[in-house]
Amino acid sequence: MAISYVGATTNSDAANTSHWQSVFGIGAAAGDLAVSFFSWNGSPGTVTLPAGWAHVPGTGTGFWGTPTNPKQTLIYKVLTQADIDAALFETLTSSSIAWGGTTQVYRGVDQTTPVGTASTNGSGSNGSTLTALSVNVSNVDSWLMCGGGSNSSSVTMSSNTLGVERADVGAGKACFTADSNGAHGSTGASGNYTMTTSSS
């Protein structure tokens with residue numbers, strides 16, 4: 001079965017909170033892959049993932065910043081019917097903070113190894129161009145996904161060189177994602193992709 005895009009949802013909270021909630025795209029079914037990307041400013045302390053969720057390989061427990069003070073996290077889970085029935089999940093943190101998050105759902109993924117690896121990049125300086133660094137693609141049928149975030153709550157994605165923008169959060173903390181909208185078609189280094197934002 002070829003991979004296909006099901007849907008995306010966004011959520012955010014400009015007020016400080018230790019409960020980060022996200023919901024699944026309409027039409028999600030058991031066996032679909034949910035990928036959630038959270039962005040924040042400051043230090044959330046310890047981030048506790050919901051049962052069964054995991055960090056995407058290559059992203060550690062968070063990235064852009066330091067291991068003890070990351071700014072973003074990328075997590076995934078192959079959904080069960082119980083997940084669908086619950087409709088949402090919460091990521092808990094040990095301290096309250098403003099945040100933004102997106103969740104994309106995909107169908108037709110490998111049930112044993114639904115995600116490959118990721119690369120991370122970040123900067124403490126202002127700029128309107130974000131670079132998603134190359135990853136090694138091991139399966140020609142793989143889709144690629146990129147995401148970015150900002151300390152500002154008003155920054156949005158203007159364009160990207162990867163494919164189709166899927167989600168854009170402009171409240172809480174900026175968070176946006178895009179994917180290739182189809183199989184990459186080759187193995188090896190994917191090459192870099194860029195995202196342009198509405199402001200620096």
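To be clear, the structure that these remarks concern was listed above.
Residues numbered from 1 in each chain as written. Predicted model: local features only at pLDDT ≥ 70, side-chain atom pairs only at ≥ 80, totals over all residues. Heavy atoms only, no water.

**Digging into the overall build of the protein chain**
- Counting its regular elements, the protein chain contains one helix and 15 strands.
- A compact globule built from 200 residues should have a C-alpha radius of gyration of about 16 Å, and the protein chain, at 16 Å, falls within 12% of that.
- Oriented by its inertia axes, the alpha-carbon framework of the protein chain measures out at about 40 × 35 × 25 Å.
- In the protein chain, once contacts between residues fewer than 6 apart in sequence are set aside, the share between residues at least 24 apart is 77%. (Helix = DSSP H or I, 4+ residues; strand = E, 2+ residues; numbered from the N terminus. Rg over C-alpha atoms; globule rule 2.2 N^0.38 Å. Contact = heavy atoms within 4.5 Å.)

**Topic: the packing of aromatic side chains**
- For the structure shown, the criterion picks out three aromatic pairs.
- A centroid spacing of 5.7 Å and a plane angle of 70 degrees characterise the contact between Y106 and W143, whose relative ring orientation is edge-to-face. Of this pair, Y106 sits in strand β7 (residues 88-107) while W143 sits in the loop between β9 (136-137) and β10 (145-149), placing them 37 residues apart in sequence. Of the two residues, Y106 and W143, neither departs from the other in class, the shared state being buried.
- Taken together through their ring pairs, the aromatic side chains of Y5, Y106 and W143 make up a single cluster.
- R166 extends its terminal NZ or CZ atom over the ring of Y5, reaching a point 3.6 Å from the ring centre. (Phe/Tyr/Trp six-rings, centres within 6.5 Å; stacked < 30°, edge-to-face > 60°. Buried < 20%, exposed > 50% of the residue type's maximum accessible area, 1.4 Å probe, protein only. Lys NZ or Arg CZ within 6 Å of the ring centre and 35° of its normal.)

**Points about the nonpolar core**
- Core analysis: the biggest nonpolar cluster contains 15 residues, and L33, V35, F37, V56, F63, L74 and Y76 have the highest contact counts within it.
- The set of elements that each furnish at least two residues to this core consists of β2 (33-40), β5 (63-66) and β6 (69-78).
- Excluding anything up to four places from it in sequence, F63 contacts F37, P70, K71, Q72, T73, L74 and T120. (Core = buried A, V, L, I, M, F, W, Y, C linked by side-chain atoms within 4.5 Å.)

**Side note on the sheet that holds strand β8 (residues 129-132)**
- In spatial order, the strands read β8-β15-β11; together these three strands make up an open sheet with antiparallel pairing. A strand with exactly one partner marks an edge of an open sheet, and here the two such strands are β8 and β11 (157-160). Adjacent strand axes in the sheet meet at a mean angle of 25 degrees, parallel and antiparallel pairs treated alike.
- As paired elements, β11 and strand β15 (residues 193-197) share three bridges and run antiparallel to each other. Each bridged residue has a counterpart across the sheet, and for S159 the counterpart in β15 is T196. (Pairing = 2+ DSSP bridges. Axes fitted to C-alpha atoms, helices over the stretch in contact; angles between N-to-C directions.)

**Concerning the pattern of salt bridges**
- By the definition in use, this model includes three salt bridges.
- We note a salt bridge from D32 to R107, for which the minimum N-O separation is 2.8 Å. Placement of D32 in the loop between β1 (4-23) and β2 and of R107 in strand β7 is noted, with a sequence separation of 75 residues between them.
- Among the residues examined, D32 registers a relative accessible area of 2% and is labelled buried.
- R107 sits in the partly exposed class, given a relative accessible area of 28%.
- A salt bridge links D83 to K77; the shortest N-O distance between them is 2.7 Å. (Salt bridge = Lys/Arg side-chain N within 4 Å of Asp/Glu carboxyl O.)

**Some details on the side chain of T102**
- Take T102: it is sitting in strand β7.
- Looking at T102, its side chain comes within polar contact range of the side chain of Q104, at 3.2 Å.
- Apart from the residues lying within four places of it in its own chain, the contact partners of T102 are T9, T10, S22, V35, S36, F37, A167, V169, C175 and T177. (Polar contact = N/O pair within 3.5 Å; in protein donor to acceptor, adjacent residues only side chain to side chain.)

**Considering unusual backbone geometry**
- One non-glycine residue, N181, lies in the positive phi region at around 55 degrees.
- With relative accessibility at 44%, the residue N181 sits in the partly exposed group.

**Focus on the sheet that holds strand β13 (residues 175-179)**
- Strand order in the open sheet made by the three strands is β10-β13-β12, with antiparallel pairing throughout. Either end of the sheet is taken by a strand with one partner, and the two such strands are β10 and β12 (164-169). Averaged over all neighbouring strand pairs, the angle between strand axes comes to 15 degrees, with direction disregarded.
- The pairing of β12 with β13 spans five bridges and is classified as antiparallel. Each residue of the ladder has a partner; that of E165, found in β13, is A178.

**Here's the deal with the side chain of T59**
- In this fold, T59 is placed in the loop between β4 (54-55) and β5.
- Among the polar contacts listed, one links the side chain of T59 to the backbone oxygen of V56, at a separation of 2.6 Å.

The analysis is restricted to geometry; functional conclusions fall outside its scope.
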